[in-house]
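# Chain and residue survey
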Amino acid sequence: MLVELLSIKCRFRDGELLIIVCLLIFLVTGIMHDPSERKNEIENKLAKEQNNLNLLKEKVNRSSQLTKGMVGILSSFEHRLARLEETILPVYNETGNLQRRQENIERTLMALDHVIAFYGVSQEVEPVVRAGPGPIANGGSGLDVFLEAMNKLQLAQEYFEKNNPQSVELENVSTLFNSGGDALNREFKDLLFRHSKPVSPIMLLELVEEETAASLNHFPEAVSSELICIADWLIMHNRDEYMNVYARVRATILLKSLQQLKEQQRSSSGGSIQSVPVANSPMVRPKFQTPGRRASKRLQMFEKKANKMLQIATQTLEHSTGFSLGTRRSALHLESREDIVDEQEMENYLVCVMALQRLMQSERSLMVGIVPLQHQHQVFEIVIRDAMDMVVQDGESIASRAKRCINRHDFAAVLVVFPILKHLLTMRPEFERTVEGCDYNVRSKFASILNTLHGTGAKALEDFIESVRSDPSTQLPKDGTVHELTSNVLVFLEQLLDYVDTIGGVLAQDPVYSNALTLIPGHGKVDKNKALVGIYIKKVLVQLNLTLVGKSDLYSDIYLRAVFRLNNNHYVLKALQRAGLLDLVQLSEPDCEESYHDMIRENKKAYSQSWSRVLSHIWGTEDAPVAMAHAGKLRDKDRHLIKERFAGFNKEMEEIAKVQRSYSIPDVELRESLKRDNKEYILPKYHAFYEKYSTVPFTKNTEKYIKYAPAQVSALIDRFFDVAA
């Protein structure tokens, strides 16, 4: 059986063998189970499968024949292709060689044309270079044509430097190229000179008013484009000398712009050109006007403001008294001296500083595209240096003159330091942004002005206190009115209100004030600057009070001394209340107002003692018996006593009326209050005395002794404090 299977395996493929094996197993299994019954069935199936196998063999044979035919065809095709390749390949290779030769010839011709062109560049572009890059209308060749010619020269120069560095052509091209570079430098300089004009004072004032330099166009757009184009070419070819020219020209223009503004300010004398308003300055201007517009009105305003401090010092007194102070002058009056910095000069200086700031911003924008970014800081420093130096010198001049005023105790002139300092502090962040990246010497110039003015302001404040302490005046007002020192001090203090934040910053640098600030209860919740100014005002008032008390001791009349102190204390209190200074002082001294009220009450009490001699005649224990007086039983002694009382009262009353008419109480409210107090103090006592003895027959000459009825005494008191009464 195995032999048969092996023989079958040798004759059939694996698939066929598998089928046969399965059939054999099936047959064997069937025979084993039922050899007799299934023999015929198996034989039938075997015959059928044998037929199928024969059919399969036939198909396999046909497939083999087809495969052999296809292989033959492919072999024949491959042979023919090989023969074709042997025939075509030499032709193809020869054609490729011919094409490469043609391309090489064409490239060679192009290279020859290119090289030959280099030899003719100098002759081709020489007329253009000699004509220069100026406008065609002026005999130039035009910038675009000129730059195209320069590019040709550059290419020729690079070729000869690489391939024939010893040739004459290289020397010719290089010479012409350098001449073209010089021509571009000259054209840049000419354009810059021709179109760089100082900014007019009117335009500068408009820029200051607008608070921006965006609207300032130094060059026409076409000129800016040409400058940028030339600058790009010069930088690309390492010709950076134009930047020095640019820096010098723009520096000159910037300086001239400021100088023309200053010259216009000097020549205008406050009348021909309207200054720009400076916020919170002592002299606020209306909106900018063109020259000549409302000039007379502005001039009148300036003249009025020039006497502002004198008016403040006198208006309060004139309003309260109703009469003029005549030739009386305030020590704070601004005289016309060379070392006085008046309000106009202060405002002019601030305008110049703001104009410089706007011009600096404009110059920053102008150099974009013209000066490479890496060189802009250095060029910008050169551009602004001279103008900055001028402004710094002007600021130092103001500070120096202010210091001389301090030495003369002319503190009104020093007040201009604070508005300058205030506005410079406001400008500081913007200025620092403008000079960011510049050299420290440039960046520190603005800070040096601030430091100088800061020191000057601090010295002025402290020296003012010292001047109050050591006031040299020994002449006191004969009428006991408000001392000139008092009015001057209050005027000075009132001027500080406009610059509380600035002065607070100055005082904060002094340890004395910063330590005093920490002693204020809840100092962390109060406005620091207001509290510091309040501490300063308190120091001034304390020193003023001590000085006035010391001066008042020179009065021989102790009652006039009391009137003097009363007038000054009352004036100080009212001035503090009126100006709003009291609110600042109360931050550090809450009892300030009550302290002044206490001093005023003490002064009134001391003044009331002036009635003691008058009262001594009508108010005593040695009165004559009333019953006896009305019964006509007076003794000579009693009659004499009553006569002395009336006569003494008349004499003292006339004397005090004469003396106190010469006293001055300039404040109407205080004056009427004192008169009312006098009446309430005297009239009840005199009325009782008068009612008691006026009907007693103590004398036959009644009119001689009973000269004043109570109403007449009241009328006399009404004429107190009035020298014209």
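See the structure printed just above.
A few points on the structure. (Residues numbered from 1 in each chain as written. Predicted model: local features only at pLDDT ≥ 70, side-chain atom pairs only at ≥ 80, totals over all residues. Heavy atoms only, no water.)

## Some details on the overall build of the chain
The criterion, for reference: Where helices and strands are cited, they refer to DSSP runs of H or I of at least four residues and of E of at least two residues respectively, numbered from the N terminus. Throughout this description, buried means an accessible area under 20% of the type-specific maximum (1.4 Å probe, protein chains only), exposed means over 50%, and partly exposed covers the range between.
Counting its secondary structure elements, the chain contains 27 helices and zero strands. Classification of the 725 residues of the chain by burial places 44% in the buried group.

## Observations regarding the pattern of salt bridges
This is how the line gets drawn: Each salt bridge in this description consists of a side-chain nitrogen of Lys or Arg and a carboxyl oxygen of Asp or Glu lying within 4 Å of one another.
As enumerated under the stated definition, the model contains 29 salt bridges in all. For the salt bridge of Arg250 with Glu363, the shortest nitrogen-to-oxygen distance reads 2.6 Å. Taken as a pair, Arg250 in helix α8 (residues 242–268) and Glu363 in helix α11 (residues 343–366) lie far apart in primary sequence, 113 residues in all. The same class applies to Arg250 and to Glu363, which are both buried. Residue Glu432 is joined to Arg428 by a salt bridge in which the shortest nitrogen-to-oxygen separation is 3.2 Å. Separated by four residues within a single helix, Glu432 and Arg428 lie in helix α13 (residues 417–434), roughly one turn from each other. Residue Glu432 is classed as partly exposed on the basis of its relative accessible area, which comes to 44%.

## Regarding α13
Since the α-helix packs 3.6 residues into each turn, any two residues three or four apart lie on the same face. Inclusion rule: Take the residue count of a helix, subtract one, and multiply by 1.5 Å to get its expected span. Throughout, the bend at a residue refers to the angle made by two axes, fitted to the seven residues ending there and to the seven starting there. In this analysis, two residues are considered to be in contact whenever any of their non-hydrogen atoms come within 4.5 Å of each other.
Here α13 contains 18 residues, and its C-alpha end-to-end distance of 24 Å stays within 8% of the 26 Å for a straight helix at 1.5 Å per residue. The axis of α13 is deflected most strongly, by about 45°, at Arg428, and proline Pro429 appears within four residues downstream. Those residues of α13 not exposed but buried are Val417, Phe418, Pro419, Ile420, Leu421, Lys422, His423, Leu424, Met427, Phe431 and Thr434. The elements touched by buried residues of α13 are α11, α12 (376–407), α14 (440–469), α15 (484–496) and α16 (500–508).

## Structural notes on the environment of Leu490
Summarising the element assignment, Leu490 is placed in helix α15. Measuring from C-alpha to C-alpha, the distance between Leu490 and Ile537 comes to 9.6 Å, with 47 residues separating the pair along the chain. The residues touching Leu490, leaving out its near neighbours within four places in the chain, are Leu544, Tyr571, Val572, Ala575, Leu576 and Leu581.

## Some remarks on the side chain of Thr486
Mapped onto the secondary structure, Thr486 falls in helix α15. Look past the residues within four positions of Thr486 in its chain and what remains in contact with it is Leu544, Leu548, Asn568, Tyr571 and Val572.

## As for the side chain of Asn603
Structurally, the position occupied by Asn603 is in helix α21 (residues 592–608). Owing to a relative accessible area of 9%, Asn603 belongs among the buried residues under this scheme. When near neighbours in sequence (up to four residues on either side) are disregarded, Asn603 contacts Ala562, Arg565, Leu566 and Asn569.

## So, α14
Keep this limit in mind: What qualifies as a polar contact is a pair of N or O atoms within 3.5 Å, subject to a donor-acceptor requirement within protein and to the restriction that residues adjacent in sequence count only when both atoms come from side chains.
With 30 residues, α14 extends 43 Å from end C-alpha to end C-alpha; this agrees with the ideal 44 Å at 1.5 Å per step. Along its length, α14 reaches its greatest deviation from straightness, about 30°, at Phe446. Two or three places before Asn441, at the start of α14, stands the capping residue Asp439, its side-chain oxygen 3.0 Å from that residue's backbone nitrogen.

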